[in-house]
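# Topology and contacts: notes
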Amino acid sequence: MKFLSCYGLLLLLLLLCFHEGLSWSTQFNQAENYEGSSDLVSLQYHMGPVLASAVNLYIIWYGQWSPTHQGTIRDFIDSLSSSSSVPYPSVADWWQTVRLYTDQTGSNITGSISLSGEFYDTGYSHGIFLSRLSMQSVIKTAVTSRSRPLPLDPHKGLYLVLTSDDVRVEDFCRAVCGFHYFTFPMVVGVTVPYAWVGYSGSQCPGMCAYPFAWPKYSGKPPPSNDIMRSPNGDAGVDGMISVIAHELAEVSSNPLVNAWYAGDDPTAPTEIADLCLGLYGSGGGGGYVGKVYKDAWGNGYNVNGVGGRRFLVQWVWNPVKGRCFGPNAMD
């Protein structure tokens, strides 16, 4: 995995940074999705790197976390590279679509993502109100802590900052549910990709835990006046896992914001998961998630994970088929 130096672009990037956010806010405004022909989009490769080497994923648990929630998220991460004993369709099968993207050498995105370390920032080292830029300082604290620091891994490292339900993040619940970017050497010391996702269970489940909670501002009743039940018993963490999946797909295919994205404006790229926002199964669109599975208790899911877990994760753009796709597709 190679990461380009950002010194020459730093001023520009400081002005443009942190646009890669996930928001459901336009979904209920008759926003288009792109389940159909690739003629509708201009997804292009811009010659930057993808995460082609095996990834060491490091989680920073910022705030106070339920061990149950942590266990669910760890199982999802472990499921990304594990398919041998997991029933089809698996999380790893879903990741195969992400793996179709290559860099200029023809190397595909890696299929090896290992949870390689965790840091527990239970003392809220940077307070309970965080800006987007302060995520880099959170990472800096985690890799320089006197007590069990995370390694600073510029070659294979990917850092995932997860904030608990009492942490307020700039634009969270208003404009984004998560975002990805890369660190500045002047802050962290090296350039490494990272992503942030917040727990929305008590702040904005209707926005960031869709479809397990319905947005009050939508102006529409939920489909059939019924809310889909979450597969692991908590709308906040199950919705969060779909956002994590979204951000991991995009940071892997566009880690330095110069690889795979659609549109002519690099300051506002539409990435491979943005193209499929709100789609989880065949026939989805217009606020309908598509055809997904239901377990014996009526909980919705579309992929299987390790340890008998089930998850509902958003589809991503398949560059071969030229449409949004997931392993639970009916065609």
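Here, every reference points to the structure presented above.
This text gives an overview of the structure that appears in the document. (Residues numbered from 1 in each chain as written. Predicted model: local features only at pLDDT ≥ 70, side-chain atom pairs only at ≥ 80, totals over all residues. Heavy atoms only, no water.)

### Structural notes on the overall build of the chain
How we decide: Numbered from the N terminus, helices here are DSSP runs of H or I no shorter than four residues, and strands are runs of E no shorter than two. Each residue's exposure class comes from its accessible area (1.4 Å probe, protein chains only) as a fraction of the maximum for that residue type: buried when under 20%, exposed when over 50%, partly exposed otherwise. Residues are treated as being in contact if the distance between any of their heavy atoms lies within 4.5 Å.
When its secondary structure is counted, the chain shows 7 helices and 16 strands. Counting only residues that meet the buried cut, the chain has 57% of its 331 residues in that class. Taking the contacts inside the chain whose residues are at least 6 apart along the sequence as the reference set, 75% of them involve residues at least 24 apart.

### Quick look at the state of the cysteines
We apply this condition: In this description, the term disulfide denotes a pair of cysteine sulfurs within 2.5 Å.
One pass over the structure, following the stated rule, counts 3 disulfides. Residue pairing for C276: its cysteine sulfur links by disulfide to C324, the two sulfurs lying 2.1 Å apart. Taking the torsion about the sulfur-sulfur bond, which here is approximately -95 degrees, the covalent link between C276 and C324 counts as left-handed. Pair noted here: C276 is in the loop between β10 (260-261) and β11 (293-294) and C324 is in strand β16 (residues 323-325), with a separation of 48 residues, a long-range link. Exposure remark for C276: the relative accessible area of 0% places this residue in the buried category.

### As for the packing of helix α3 (residues 91-98) against helix α7 (residues 235-253)
Quick reminder of the rule: Note on definitions: angles span 0 to 180 degrees between N-to-C directions of axes, and those axes are lines fitted to C-alpha atoms, for helices only across the stretch in contact. Handedness of each helix crossing follows the sense of rotation of the near helix against the far helix: counterclockwise by less than a right angle gives left-handed, clockwise gives right-handed. Asp, Glu, Lys and Arg are counted as charged, while Ala, Val, Leu, Ile, Met, Phe, Trp, Tyr, Cys and Pro are counted as nonpolar; the rest, among them Gly, fall into the polar class.
Their axes nearest at 10 Å, the elements α3 and α7 cross at an angle of 35 degrees. Viewed along their axes, α3 and α7 form a crossing whose handedness is right-handed. Along the contact surface, α3 presents W94, W95 and V98, while α7 presents A245, L248, A249 and S252. Here the contact of α3 with α7 is built from residues that sort into 6 nonpolar, 1 polar and no charged.

### Here we look at the pairing of strand β6 (residues 157-163)
Note the threshold: Whether two strands pair depends on DSSP finding at least two bridges between them.
Along β6, 7 of the 7 residues are buried, which leaves the element largely enclosed by surrounding structure. With burial as the criterion, each face of β6 is covered, one bearing G157, Y159, V161 and T163 and the other bearing L158, L160 and L162. Sheet topology places strand β3 (residues 55-62) next to β6; 7 bridges connect them, and they run parallel. Paired with Y62 across the two strands is T163, which belongs to β6. Here β6 runs beside strand β9 (residues 193-198); their pairing, made up of 5 bridges, is parallel.

### With respect to the packing of aromatic side chains
Put simply, the rule is: Whether two aromatic rings pair depends on their centres lying within 6.5 Å, for rings of Phe, Tyr and Trp, where Trp uses its six-membered ring; planes under 30 degrees apart make the pair stacked, over 60 edge-to-face, and the rest tilted. We call a charge positioned over a ring when the NZ of a Lys or the CZ of an Arg lies within 6 Å of the ring centre and within 35 degrees of the ring normal.
Under the definition given, this model contains 16 aromatic pairs. Ring geometry for F182 versus F184: centroids 6.2 Å apart, planes at 80 degrees, classification edge-to-face. The pair F182 / F184 is uniform in exposure class, with both members buried. When the ring of W315 is compared with that of F325, the centres are 6.3 Å apart and the planes differ by 40 degrees; the resulting orientation is tilted. Of this pair, W315 sits in the loop between β14 (310-311) and β15 (316-318) while F325 sits in strand β16, and the two are 10 residues apart along the sequence. By way of ring pairs, the aromatic residues F172, F179, Y194 and W196 are connected into one cluster. We note K321 situated over the ring of F325; from NZ or CZ to the ring centre the distance is 4.9 Å.

### Quick word on the pattern of salt bridges
To keep it simple, the criterion reads: By convention in these notes, a salt bridge is any Lys or Arg side-chain nitrogen within 4 Å of a carboxyl oxygen on Asp or Glu.
Counted under the stated rule, the structure contains 5 salt bridges. One salt bridge connects R74 with E118, and the closest N-O pair in it is separated by 2.8 Å. Note that R74 is positioned in helix α2 (residues 67-79) and E118 in strand β4 (residues 113-121), a separation of 44 residues in sequence. Residue classification places E118 among the partly exposed positions, given a relative accessible area of 24%. R323 is paired through a salt bridge with D331; the nearest N and O atoms lie 3.2 Å apart. We classify R323 as buried; its relative accessible area is 17%. Overlapping salt bridges bring together R132, D171 and R174 as one network.

### What to know about the packing of α2 against α7
What describes two packed helices is the angle between their axes and the distance between those same axes. Contact pair α2 / α7: the axes reach a minimum separation of 10 Å and the direction vectors enclose 35 degrees. Here the hand of the crossing between α2 and α7 comes out right-handed. Contacts from H69, T72, I73, F76 and I77 in α2 reach V237, M240, I241, I244, A245 and L248 in α7.

### Considerations on α7
We apply this condition: The span you would expect from a helix comes to 1.5 Å times its residue count less one. Any pair of nitrogen or oxygen atoms within 3.5 Å is treated as a polar contact; in protein, a donor-acceptor pairing is required on top of that, and neighbouring residues in sequence qualify only through side-chain atoms on both sides.
The terminal C-alpha atoms of α7, which comprises 19 residues, lie 28 Å apart, in line with the 27 Å expected from a rise of 1.5 Å per residue. Among the 19 residues of α7, 18 are classified as buried, and the element is accordingly described as predominantly covered. Where α7 begins, the capping side chain belongs to D234, and its oxygen is found 3.0 Å from the backbone nitrogen of G236.

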